[in-house]
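# A closer look at the structure
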Amino acid sequence: MNAPKRITQQDIARAAGVSRGAVSLALSGHPSISGETRDRINKIAIELGYAPDPMLTALASYRHGRRPAEFRGTLAWLAQTTETFDWRTIAHFAAYLEAARTRAEFHGYRIEVLDLQEMGISWSRAATIAKSRGIDGVLLCPQPYSYMDLADFPWSDFAAVTFGYSIANPKLHSVAPAQYRASFNTMKELLARGYQRIGFALNSWHDQRTDHNYLAGYLTAWELHNPSERIPPCVDNDVGPWMKQYRPDAVITGDVRFLEKLAELGLSAPKDLGVACPLLDSPANPMAGVWEDNHQIGRAAVDFLVSLLHQGERGVPPHPQRLLVEGMWGPGRTLRPLPSD
């Protein structure tokens, strides 16, 4: 008995009345093929029972991975520097861009930085400049203010991905560290080490910018695991009075200068109390906590944006997607060891 004939892209091309190249582009979601034509070709492929040859797909992927991607265009890194906010000095954000540049080159793109403050331009002017330079893909750097409203930007001209939660309107596709889980898991690590009076210190500005995710993870873990005493969160930069009043035996903090502040109070970790941070920018940080893999976040954002471009998606998405990237626990030197260690 003869095996059934495998349906090829050439078969689909004949049925659709197009070239085999057009079929290949349509099946891969290439933006050069209109949505109507792409949908028609995909429907015909399904009706004919087409399935890609896994060996040929693997070979094509291998060959593609061994040669440099041909230049496809430019993406914009849209940022805004202010007197109190310079994204280049924030290690997390600088790493996003560094990784994004490398990943963009892999896909055949380069990234151009458009900083509103440095260029002395408005949001609308930035859009005009981007369009004049043939840019239709935008990565939005975390912005200087919480709950920003950018509804007046001409989003319909661009595919866009942002980082984190600083843009409240419109709701865009975004990539962010898994902040809730980082804080929740940090709390579990402290409880496993026998800490009971666990405090949480993150200033209100940072808490708002992260959509309260770190605070939510801490509070949820507290409710589920019920340490001996509840300590109100500290959302003030001056932790001294809070420390003296509540005397925690451990603190979860997002303040990179927290160890310095402890020293000013005559305290040190882990001798006097444990300290952990759920948003470390490097595994080399002396604090225990969760290291956010900022390079992976930057790479994921570019992959996300390129996929939108290939699918021809522009404008504000009807169903925004949020991609969360998990961090990794680093033991640091600011917690006592686990009982079994």
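If you're wondering where the values come from, they're calculated on a predicted model, not measured in any experiment.

Taken in spatial order, the six strands of this open sheet run E2-E1-E3-E5-E7-E12, and their pairing is parallel. Either end of the sheet is taken by a strand with one partner, and the two such strands are strand E2 (109-115) and strand E12 (322-325). Taken pair by pair, the neighbouring strands of this sheet meet at an average axis angle of 20 degrees, ignoring direction. Where strand E5 (residues 159-163) lies against strand E7 (residues 173-177), three bridges are found, and the strand directions are parallel. Bridge assignment links Val-161 to a residue of E7, and that residue is His-173. Docked against the sheet, helix H5 (residues 91-107) engages strand E1 (73-79), E2, strand E3 (137-140), E5 and E7, running at close to 145 degrees with respect to E2. Relative to E5, helix H13 (residues 294-310) is tilted by about 160 degrees, and along the sheet it contacts E1, E2, E3, E5, E7 and E12.

Turning to the packing of aromatic side chains, a few remarks are in order. With the rule as written, the count across this model stands at 10 aromatic pairs. Each ring, one from Tyr-96 and one from Phe-163, has its centre 4.7 Å from the other, and the planes form 10 degrees; the classification is stacked. Linking Tyr-96 in helix H5 with Phe-163 in strand E5, this pair joins segments that are 67 residues apart in sequence. Neither Tyr-96 nor Phe-163 differs from the other in exposure class; each is buried. For the ring pair Trp-123 and Phe-153, a centre distance of 6.1 Å and an interplane angle of 90 degrees mean the geometry is edge-to-face. On the criterion of sequence distance, the pair formed by Trp-123 in helix H7 (residues 123-132) and Phe-153 in the loop between strand E4 (148-149) and E5 is long-range, its members being 30 residues apart. Each member of the pair, Trp-123 as well as Phe-153, carries the same accessibility label: buried. Three or more aromatic residues link up through ring pairs in this structure, and these residues are Trp-77, Phe-85, Trp-87, Phe-93, Tyr-96 and Phe-163. Over the aromatic face of Trp-222 sits the side chain of Arg-230, whose NZ or CZ is 4.8 Å from the ring centroid. Positioned over the ring face of Tyr-195 is Arg-336, at 3.9 Å from the centre of the ring.

Definitions and cut-offs
Residues numbered from 1 in each chain as written. Predicted model: local features only at pLDDT ≥ 70, side-chain atom pairs only at ≥ 80, totals over all residues. Heavy atoms only, no water. Pairing = 2+ DSSP bridges. Helix = DSSP H or I, 4+ residues; strand = E, 2+ residues; numbered from the N terminus. Axes fitted to C-alpha atoms, helices over the stretch in contact; angles between N-to-C directions. Contact = heavy atoms within 4.5 Å. Phe/Tyr/Trp six-rings, centres within 6.5 Å; stacked < 30°, edge-to-face > 60°. Buried < 20%, exposed > 50% of the residue type's maximum accessible area, 1.4 Å probe, protein only. Lys NZ or Arg CZ within 6 Å of the ring centre and 35° of its normal.

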